[in-house]
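# Survey of secondary and tertiary structure
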Amino acid sequence: VQLQASGGGLVQAGGSLRLSCAASGRTFSTYHMGWFRQAPGKEREFVAGISRRGGIINYADSVKGRFTISRDNVKNTVDLQMNSLKPEDTAVYYCAGTTNSNSRKSSEYNYWGQGTQVTVSS
């Protein structure tokens with residue numbers, strides 16, 4: 001599966017952005033999907049994950065209550081709605097797919113999008 005992320009940009013603290021990831025291929029619904037982020041000088045970290053049919057969702061503690069992950073297996077998309085953004089949310093955001101259920105480990109994700117920059121100003 002090939003992944004293409006979009007929707008990043010510059011926003012003030014407290015604002016919102018919606019990231020979208022479009023997947024090619026007919027097997028999208030067989031992959032657990034996740035969003036990760038990587039800030040300068042830091043390791044890539046898990047942000048949110050969603051199971052194949054959307055029934056199981058996980059968030060990093062740092063984004064819980066502010067971010068919402070969703071997927072549409074007809075449109076082959078997975079979105080990340082980000083509200084109440086903080087400067088510490090600034091990073092390159094990646095969507096990724098895995099055959100490992102509910103994984104939070106980037107090493108277990110097989111497919112990655114190219115990343116989209118999110119910058120939150122204070």
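Quick caveat: nothing in here was measured; it's all calculated off a predicted structure.

Rules of the game
Residues numbered from 1 in each chain as written. Predicted model: local features only at pLDDT ≥ 70, side-chain atom pairs only at ≥ 80, totals over all residues. Heavy atoms only, no water. Helix = DSSP H or I, 4+ residues; strand = E, 2+ residues; numbered from the N terminus. Buried < 20%, exposed > 50% of the residue type's maximum accessible area, 1.4 Å probe, protein only. Contact = heavy atoms within 4.5 Å.

The next subject is unusual backbone geometry. The backbone of Ser84 sits at a positive phi, close to 50 degrees, despite the residue not being glycine. Structurally, Ser84 can be placed in the loop between strand S8 (77–82) and strand S9 (91–98). Exposure remark for Ser84: the relative accessible area of 40% places this residue in the partly exposed category. Even without being glycine, Asn102 reaches a positive phi, approximately 55 degrees. Position of Asn102 relative to the elements: it lies in the loop between S9 and strand S10 (111–112). Taking relative accessible area as the criterion, Asn102 reaches 31% and is therefore assigned partly exposed.

Take the environment of Tyr109 next. Counting through the fold element by element, Tyr109 comes out in the loop between S9 and S10. Using a relative accessible area of 5% as the deciding quantity, one classes Tyr109 as buried. Setting aside chain neighbours within four positions, we find Tyr109 in contact with His32, Met33, Gly34, Phe36, Phe46, Ala96, Gly97, Thr98 and Ser103.

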